[in-house]
Amino acid sequence: MLAGSLLVASFVIFGALYLAPGSALAALSGGRALPAASIAILDQRYHLNAPFLAQYWYWLDNAVHGNLGISITLRENVSTLIGNRIWTTAGLVLYASLIICVLGIGLGVLAGLRPGWLDTSALVTTAVTAAIPSFVASIVLLLVFAVKLGWFPALATGGGGFRTDVKTFTLPAVALALSSLAIVARVTRAAIREEADKEHVQTAISRGIPPRQVISRHILRNAAIPITTVSAITVASLIAVSAVVETAFSMNGIGAYLVQAAQSKDLAVVQGISLVLVTAFVVVNLLADVLYAVLDPRVKLGTKAS
Amino acid sequence: MATQHLLEVTGLRVTLGDGAALRGVDLAIRPREVLGLVGESGSGKSMTARAIGRLLPRGARSAGTIAFDGADVGKMDGGALRRYRGQVAMVFQDPRAHINPVRRVGDFMTEALRTNAGVKKAEAYDRAAEMLGQVGLHARNLTRYPHELSGGMLQRVMIAAALLTRPRLLLADEPTTALDVTTQAEVMAILAELRRDFDMALLFITHDLELAAAVCDRTAVMYAGQVVEVRDAELLHTDPLHPYTAALAAARPDIGRSRARLRAIPGRPLSGFEAPAGACAFAPRCAHAAPACGQAMPELIGVDGGMARCLRAAELRGTLGVTADA
Amino acid sequence: MSRGLMNKGKLGVAGNASAVVLGVAVLAAVAGPRLAPDNPTLPNLQIAWVGPMAGHLLGFDFEGRDVLSRLLAGAQSSMLGPLVVVALAMAGGAVFALTAAWRRGATDAVISSGLDVLFAFPGILLAVLATTVFGAGLTAAAVALAIAYLPYVARVLRSGALRERNQPYVQALEVQGVSVTRICLRHVLPNMSRIFVAQATVLFGYAMVDLAAISFLGLGVQPPAANWGVMISENEPGILQGYPLPALAAGVCVVAVVIAVNVLGERLLDKAVR
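Residues numbered from 1 in each chain as written. Chains lettered and ligands numbered in written order. Predicted model: local features only at pLDDT ≥ 70, side-chain atom pairs only at ≥ 80, totals over all residues.

### Comments concerning the overall build of chain B
Argument step 1. A tally of regular secondary structure across chain B gives 10 helices and 12 strands.
Argument step 2. Along the first, second and third principal axes, the C-alpha set of chain B runs to 65 × 45 × 40 Å.
Argument step 3. Burial statistics for chain B: of 326 residues in total, 44% are counted as buried.
Argument step 4. Sequence separation of 24 or more characterises 65% of the internal contacts of chain B that already satisfy a separation of 6 or more. (Helix = DSSP H or I, 4+ residues; strand = E, 2+ residues; numbered from the N terminus. Buried ≥ 20, exposed ≤ 12 C-beta atoms within 10 Å, placed from the backbone. Contact = placed C-beta atoms within 7 Å.)

### Focus: the overall build of chain C
Argument step 1. Scanning chain C from terminus to terminus reveals 11 helices and 0 strands.
Argument step 2. Taken from N to C terminus, the helices and strands of chain C fall in the order α-α-α-α-α-α-α-α-α-α-α.
Argument step 3. Along the longest, intermediate and shortest principal axes, the C-alpha atoms of chain C span 75 × 45 × 25 Å.
Argument step 4. The proportion of buried residues among the 274 residues of chain C is 49%.
Argument step 5. Taking contacts inside chain C between residues at least 6 apart in sequence as the whole, the part at least 24 apart equals 69%.

### Description of the interface of chain A and chain C
Argument step 1. Contact with chain A, which involves 41 residues of that partner, is made by 35 residues of chain C.
Argument step 2. Of all the elements in the fold, those that place two or more residues in the side of chain A that touches chain C are helix 1 (2-19), helix 7 (134-148), helix 10 (211-248), helix 11 (254-263) and helix 12 (267-295) of chain A.
Argument step 3. The element best represented in the side of chain A that touches chain C is helix 1 of chain A, accounting for 8 residues.
Argument step 4. Its residues placed into classes, the side of chain A that touches chain C shows 34 nonpolar, 6 polar and 1 charged. (Nonpolar A, V, L, I, M, F, W, Y, C, P; charged D, E, K, R; others polar.)

### Some words on the arrangement of the chains
Argument step 1. In this assembly, 2 pairs of chains are in contact, and the pair with the greatest number of contacts comprises chains A and C.
Argument step 2. Over all C-alpha pairs, chain B and chain C never come within contact, reaching a minimum spacing of 24 Å.

### As for the packing of helix 5 (residues 78-113) of chain A against helix 12 of chain A
Residues and elements named next belong to chain A.
Argument step 1. Close contact between helix 5 and helix 12 brings their axes to 10 Å; oriented N to C, the two are set at 55°. Taken together, helix 5 and helix 12 sit at an angle that is classed as oblique. Pair helix 5 / helix 12 crosses with right-handed handedness. Note on element contacts: helix 12 touches helix 5 through Ala 268, Val 269, Gly 272, Ile 273 and Val 276, opposite Val 78, Leu 81 and Ile 82. (Axes fitted to C-alpha atoms, helices over the stretch in contact; angles between N-to-C directions. Parallel < 35°, antiparallel > 145°, perpendicular 65-115°, else oblique. Left-handed = near helix turned anticlockwise from the far one by under 90°.)

### Concerning the confidence of the model for chain C
Residues and elements named next belong to chain C.
Argument step 1. Of all residues in chain C, 95% have pLDDT values of 70 or greater, and the mean over the chain is 83.
Argument step 2. Of the regions scoring below 50 in pLDDT, residues 1-8 engages in 8 contacts with residues more than four places distant in sequence or in other chains.
Argument step 3. At the level of chain-chain contacts, confidence expressed as ipTM amounts to 0.82, with global pTM at 0.80. (pLDDT = per-residue confidence, 0-100.)

### Examining the domain arrangement of chain B
Residue and element names in this part refer to chain B.
Argument step 1. Domain parsing of chain B yields domain 1 (7-216) and domain 2 (221-253 + 262-316).
Argument step 2. The C-alpha-based centres of domain 1 and domain 2 are spaced at 27 Å.
Argument step 3. Of all the secondary structure elements, the ones that give two or more residues to the side of domain 1 that touches domain 2 are strand 2 (19-29), strand 3 (34-38) and helix 8 (209-215).
Argument step 4. For the side of domain 1 that touches domain 2, the element with the highest residue contribution is strand 2, accounting for 9 residues.
Argument step 5. Looking at the side of domain 1 that touches domain 2, its residues break down into 11 nonpolar, 7 polar and 5 charged. (Domains from an automatic or database assignment.)

### Observations regarding helix 8 (residues 162-196) of chain A
Argument step 1. With 35 residues, helix 8 of chain A should cover 51 Å at 1.5 Å per step; its first-to-last C-alpha distance of 41 Å lies more than 12% under that length.
Argument step 2. Of all the bends in helix 8 of chain A, the greatest reaches close to 45° and is centred on A:Thr170; the proline A:Pro172 follows between one and four positions later. (Expected span 1.5 Å × (residues − 1). Bend = angle between axes of the 7 residues up to and from the residue.)

### A look at the interface of chain B and chain A
Argument step 1. Contact residues are listed per partner, giving 20 residues for chain B and 18 residues for chain A.
Argument step 2. Of all the secondary structure elements, the ones that give two or more residues to the side of chain B that touches chain A are helix 2 (78-87), helix 3 (95-98) and helix 4 (105-115) of chain B.

### Here we look at the nonpolar core
Argument step 1. Ranked by size, the top nonpolar core spans 279 residues in total, and within it A:Ile139, B:Leu203, B:Phe204, C:Ala141 and C:Leu145 carry the most contacts.
Argument step 2. Shared between two domains, this core holds at least three residues of each, these being domain 1 (7-216) and domain 2 (221-253 + 262-316) of chain B.
Argument step 3. Here C:Leu145 is in contact with C:Val85, C:Gly123, C:Ala127, C:Ala207, C:Asp210 and C:Leu211, once residues within four sequence places are set aside. (Core = buried A, V, L, I, M, F, W, Y, C linked by C-beta atoms within 7 Å.)

### Quick look at the pairing of strand 2 of chain B
Residue and element names in this part refer to chain B.
Argument step 1. Burial analysis of strand 2 places 8 of its 11 residues in the buried class, the great majority of the element.
Argument step 2. Pairing between strand 1 (residues 7-16) and strand 2: 8 bridges, direction antiparallel. Paired with Arg 13 across the two strands is Arg 23, which belongs to strand 2.
Argument step 3. Taking the residues that link successive antiparallel strands as the turn, the strand 1-strand 2 hairpin has 2 residues, and the phi of Gly 17 there is positive, at about 65°. (Pairing = 2+ DSSP bridges.)

### Description of the pairing of strand 9 (residues 218-223) of chain B
On a regular strand, one side chain projects to one face of the sheet and the next to the other, so that they alternate.
Residues and elements named next belong to chain B.
Argument step 1. Counting buried residues along strand 9, 6 of its 6 residues qualify, which places the element largely inside the surrounding structure.
Argument step 2. What you see with strand 9 is no split at all: Arg 218, Ala 220 and Met 222 on one side and Thr 219, Val 221 and Tyr 223 on the other are buried throughout.
Argument step 3. Two strands pair when backbone bridges link them, and strand 3 and strand 9 are joined in this way by 4 bridges, in the parallel orientation. Bridging across to strand 9, Leu 35 finds its partner in Arg 218.

### Details of unusual backbone geometry
Argument step 1. Between C:Pro223 and the following residue, C:Pro224, the backbone shows a cis peptide bond with an omega angle of 10°.
Argument step 2. Position of C:Pro224 relative to the elements: it lies in the loop between helix 8 (193-216) and helix 9 (228-234).
Argument step 3. Here A:Lys265, not a glycine, exhibits a phi torsion of approximately 55°, which is positive.
Argument step 4. Mapping A:Lys265 onto the fold places it in the loop between helix 11 and helix 12.
Argument step 5. For A:Lys265, a count of 23 C-beta atoms within 10 Å puts it in the buried group.

### Side note on the packing of helix 11 of chain A against helix 12 of chain A
Residue and element names in this part refer to chain A.
Argument step 1. Relative orientation of the contacting elements helix 11 and helix 12 amounts to 150°, with a least axis distance of 9 Å. Our pair here, helix 11 against helix 12, has a crossing hand that is left-handed. Packed against helix 11, whose contacting residues are Ile 254, Tyr 257, Leu 258, Ala 261 and Ala 262, the element helix 12 presents Val 269, Val 270, Ile 273 and Val 276 at the interface.

### As for the environment of C:Ala89
All names here are of chain C.
Argument step 1. Topologically, Ala 89 is positioned in helix 2 (residues 67-103).
Argument step 2. The exposure class of Ala 89 is buried, given the 27 C-beta atoms found within 10 Å.
Argument step 3. Expressed as a C-alpha distance, the spacing of Ala 89 and Val 143, which sit 54 residues apart in the sequence, is 8.7 Å.
Argument step 4. Ignoring sequence-local partners within four residues, the contact set of Ala 89 consists of Ala 146, Tyr 149, Leu 150, Val 153 and Leu 203.

### Here's the deal with the environment of C:Val252
Argument step 1. Looking at where C:Val252 falls in the secondary structure, it is placed in helix 11 (residues 245-273).
Argument step 2. Separated by 149 residues in sequence, C:Val252 and C:Arg103 place their C-alpha atoms 46 Å apart.

Okay, structure coming up:
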């Protein structure tokens, strides 16, 4: 099913070439005038004279082997261009995922297990942060922590060694994580509450199992199923939104590069990065399904995590 | 009787939120005795079991005493409570909901042994395998997941698990209601046999008066959160002390009799929350009600070897039996 | 859109406050350019970044334009864009959902798995792709987002549609020979109106965030046109240089409307489910 998604997505990405007004050549060149030699190269590389499906096949085949074409603006291999920047994005997404998982799940577990002031304050905080889009969060964080307090640098370029990277990536990671934190915390809290009320927990208590074990072996263990699913889906959603945060913080990741390429109508780059992003998205969703099947023995692999 | 009661419940009241779930429960179980607890839904029988098992929901307040072997259960904590839970085991109505679906059967069965009694894993699994044999299941079920077993098998697993700690009292809350008739009979047979083998007392909760009569030594009847009658099981049928019990017995469809319509009790069963404070809760539906019944709450008094909560119990002696159709 | 429902039933304090905020935003969207005291697009670099003063409550932006006027003018595209996205997505989703629910069997399976497959496309990505090919602008972005939301909407509406489909009144109408389209339009959809509107409201929030993000990236509404997302992006340098107000003001507008829409949507969903 997910492989099907990927295939269809790649088809759409490729098909964009023909959806554009004008000829495929015009789309590839971004409306620029090209010397005859370049046109010949494009013709050959994209097999522009072959039937549509054949072209799709060539493009896909190339992509799978790592050849994503050439950037019309920078005259370099798209793959190389992506490769230079992908670690920035990967680092950002990973950092943000870490924040979401640790803070979001942690907050949710605490709020779920202990009703009281912690619970209500968590609900209120998450309700507010959920509504703040990442680009707004970015500028607010920049203002407060970079400009006013000076704790973090305002510009975040990667490659400065691990320690510096962690520091420079903190603000963008938080901006990226903020709105997703809310939903992870809420789902975690709801899952914990629901599980704690279940009958099998009563059975465990009735047999004198100590509270700590009841929580870890029954409540947390069972709630882990919906919690993992929502966390994985949330992380997957980060992949697309990272472009916004990268732009706001002037980071040189593939998200920001995607936007620049879109603005300069460099279709090959856009297609290449889109393909990478969609693949990552699908892979993470696949991981979510696998984790779900591992955690819940009632489910057979192949059924979708709802 | 001079023998010390194993479990003694006196004046148990439980309030949940604004309403009273239990308004006066008194019962006593002797060692190795089978006491039935019968009532319609809302009568409070499950709540009684939960109270005895210290499983009351959050926010429930209780009054009265529950004494196990003379010790006050309500005051137990920590180690004493854990030991108590080892001695009093519960079997629940819907086994599928009461067993953790993501852990294997063996894990479920041995969990209490391994965490509480500190039994080594291998030995715990041996004991579990042996107990499974006693309930008629193969040891290979230990590695299965609950969703791979049928309802009847799961209930037997639950019973086996409950018995692993060698409890002296088993609280069975409608253990066969969720099962089909054939499986019911099997599980009942296993329960009866194991009770004898393990020398346990049994509190058997059901809504089925007949079933209670077949299995129990004595039966207690509950209505609107109170115990309204306690009687030897057989006598409950032929010679009940309380009008409600008589009505219950009469309302049962009986192949032997032929009647045009089922005799139903007029009105609907009251739960503890709806019952009035200063009157007999059953009076509005009672065929033998007198004006005094609406003015004072009857106490549970001894009548002829049993107990009844009825102002007119002595008067009605001998007239409430299941006799000819009126 | 949600104006008619503001009168029905209690919405609670938060719900009412949200309705007010939303009302103001809608008013701005409709009459914004006329309400603006100053020209929102004409630059005047001499007064760039000047702070709040009499008659100019929010100061001036990076090109010397009155921020308040630009916010009011920007309300139009900032609110209309998501509206279009929601309209398209709900309409398209309804068509797919009803078709799948009606025909059931193979058609349902095909539509459902077809839509499931589309789930792989995050909205922003599709919008970026669309704007590359069709040129930057609100139209391409809005249509792309609508398509990206379709599977989600269709899935939600499908379960509601299936429920309605199985109701006896539908069978009664079918027996009478009423056409399927008529049944759907005049009976089924109106009965689903509660969940339809609740879902549309929630979707509006998502669309607003995504569309503002796209404009922020420079791929949606193009400057010098006024738009809250554009304003945040073009005034971002101000944050670093000590003039945070223009960007923040636009940010607050977006957040306020999104919160209002979320709260309202949640209230409506609660009542729809009950």
